[in-house]
Amino acid sequence: MFVVSVLGCTDTDIDVETSQPRFDGVIEQVENGEANNLHSLLVWQDGERAFELYRQAPAKMG
């Protein structure tokens, strides 16, 4: 008999600290699970923080 049990791996918490409309597509992809290995993303432009996203969830291989 072979049993695999995965517990507590479905919760995803996405925090967007700083954003601009041009990053809406990135946020949508993360929310839709299309960036499963992304845990944080910071974008700086001209010395200013343009985008800051943090994702709390288990990573998926592949």
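The structure this text deals with has already been given above.
Residues numbered from 1 in each chain as written. Predicted model: local features only at pLDDT ≥ 70, side-chain atom pairs only at ≥ 80, totals over all residues. Heavy atoms only, no water.

What exactly am I supposed to notice about the side chain of arginine 55 here?
Here arginine 55 shows up in strand β3 (residues 48–56). Ignoring any residue separated from it by four or fewer positions in sequence, one finds arginine 55 in contact with Thr12, Asp13, Ile14, Val30, Ala35, Asn36, Leu38 and His39. (Helix = DSSP H or I, 4+ residues; strand = E, 2+ residues; numbered from the N terminus. Contact = heavy atoms within 4.5 Å.)

Looking at this structure, I do not really get the pairing of β3. What am I missing?
Side-chain positions along a regular strand alternate between the two faces of the sheet. As judged from the five bridges shared by strand β1 (residues 13–18) and β3, these two strands associate in the antiparallel manner. The residue of β3 that forms the bridge with isoleucine 14 is arginine 55. Where strand β2 (residues 40–45) and β3 come together, six bridges link them in antiparallel fashion. Across the sheet, residue glutamine 45 finds its bridge partner in β3, namely glutamate 48. Between β2 and β3, which pair antiparallel in sequence order, lie two residues; one of them, aspartate 46, sits at a positive phi of approximately 55°. (Pairing = 2+ DSSP bridges.)

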